[in-house]
Amino acid sequence: PGRFEIVGRHPLVVLDGAHNPAGADVVASVVDEEFSEIDERIYVVGLLRGRDPVAMLEALDAASARLVIATAPATPRAIPAFEVARAATSLDIDCVVVEGVPAAVQRALDEALVDDLVLITGSLYVVGEARARLVP
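Each chain carries its own residue numbering, running from 1 in the written order of its sequence. The predicted nature of this model means local features are confined to residues of pLDDT at least 70 and side-chain atom pairs, given and counted, to a pLDDT of 80 or more, with totals for whole chains, interfaces and linings taken over all residues. Calculated side-chain values reflect all of the structure's heavy atoms, with hydrogen atoms and water omitted.

A. Just the overall build of the chain, in detail. Each helix corresponds to a stretch of at least 4 residues labelled H or I by DSSP, and each strand to a stretch of at least 2 residues labelled E; elements are numbered beginning at the N terminus. Across its full length, the chain carries five helices and six strands. Counting from the amino terminus, helix and strand elements in the chain follow one another as β-β-α-β-α-β-α-β-α-β-α. The C-alpha atoms of the chain give 13 Å as radius of gyration, which agrees with the globular expectation for 136 residues (14 Å, within 12%). Taken along the three principal axes of its C-alpha coordinates, the chain extends 35 × 30 × 25 Å. Type-normalised accessible area, obtained with a 1.4 Å probe on protein chains alone, sets the label of each residue: buried when under 20%, exposed when over 50%, and partly exposed for intermediate values. Within the chain, the proportion of its 136 residues that are buried is 49%. Nonlocal contacts in the chain, meaning residues at least 24 apart in sequence, comprise 75% of its contacts between residues at least 6 apart. Radius of gyration means the value over C-alpha atoms here, while the globule rule gives 2.2 Å times the residue count to the 0.38 power. Any two residues whose heavy atoms approach within 4.5 Å at even a single point are treated as in contact.

Here it is in structure tokens:
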């Protein structure tokens, strides 16, 4: 669970706890290789302190997403969502801040069309909160 776990099909919803640039790079590669036919991507990203948001977004190839939804998991170790959004903006990535992982996931699902990909990533804390909402 939480490692390139598909939890929805229309839209395709993927959970991956990539929590460092190397893991994020692998996720981006798998998305590109396995789901190249999907044009529109929405990423929900929340990170923990000690991570460089710019490096993580670059490794995720977040610039390829139509939208990044910056959020923060419910832990004192979380990087505030506005810091993730500021990093995205510095990379010219369209980004919105949604406080709380459940609300961020709902926003992604509301924004997504049936043929889109929603990737929820950045921390196992984010994935855990999302999984609790998405997997019965």
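Now that the structure is up, let's keep going.
B. Examining the packing of aromatic side chains more closely. Classification of ring pairs rests on two measures: the distance between centres of Phe, Tyr or Trp rings, Trp counted by its six-membered ring, which must be within 6.5 Å, and the angle between planes, read as stacked under 30 degrees, edge-to-face over 60 and tilted in between. Going through the model one piece at a time under the given rule, you end up with one aromatic pair. Here the aromatic rings of Phe 4 and Phe 35 are separated by 6.0 Å at their centres, their planes lie at 10°, and the arrangement is stacked. Of this pair, Phe 4 sits in the segment before strand S1 (5-9) while Phe 35 is found in the loop between helix H1 (21-34) and strand S3 (41-45), placing the two residues 31 residues apart along the sequence. Exposure remark for Phe 4: the relative accessible area of 22% places this residue in the partly exposed category. On the basis of relative accessible area, Phe 35 is assigned to the buried category, the value being 14%.

C. Region of interest: the pairing of strand S6 (residues 117-121). With five of five residues buried, S6 lies mostly within the body of the structure. Side chains of S6 alternate between two faces, with Leu 117, Leu 119 and Thr 121 and Val 118 and Ile 120 buried alike. Strand pairing requires that DSSP identify at least two bridges connecting the strands. Pairing geometry for S3 and S6, over five bridges, is parallel. Across the sheet, the residue bridging to Val 45 is Thr 121, located in S6.

D. Structural view of the pairing of S1. Across four bridges, S1 lies against strand S2 (residues 12-16) in antiparallel orientation. Across the sheet, the residue bridging to Glu 5 is Leu 15, located in S2. Here S1 hands over to S2 after two residues, the two strands then running antiparallel side by side.

E. Representation of the sheet that holds S1. An order of S1-S2-S6-S3-S4-S5 is seen for the six strands of this open sheet, with the pairing classed as mixed. Two strands bound the open sheet, and with one partner strand each, they are S1 and strand S5 (95-97). Taken over all neighbouring pairs, the strand axes of this sheet differ in orientation by 20° on average, direction set aside. Pairing of strand S4 (residues 67-70) with S5 involves three bridges; the strand directions are parallel. Only the stretch in contact is used when a helix axis is fitted, and all axes are lines through C-alpha atoms; the angle between N-to-C directions ranges over 0 to 180 degrees.

F. Expanded view of helix H3 (residues 81-90). Within the span of H3, buried status applies to Ala 81, Val 84, Ala 85, Ala 87 and Ala 88. Along H3, the residues classed as buried sweep out an arc of 160° about the axis, all on the same side. For H3, the exposed residues lying more than 90 degrees away from the buried face are Arg 86, Thr 89 and Ser 90. Looking at the packing, one finds that the buried side of H3 touches S3, helix H2 (53-59), S4 and S5. What the arc describes is the spread of directions from the helix axis to the C-beta atoms.

G. Helix H4 (residues 101-111), seen in detail. Restricting attention to buried positions, one finds in H4 the residues Val 101, Ala 104, Val 105 and Ala 108. For H4, the angular spread of buried residues about the axis comes to 100°, placing them on one side. Those residues of H4 that are buried lie in contact with S3, S4, S6 and helix H5 (124-134).

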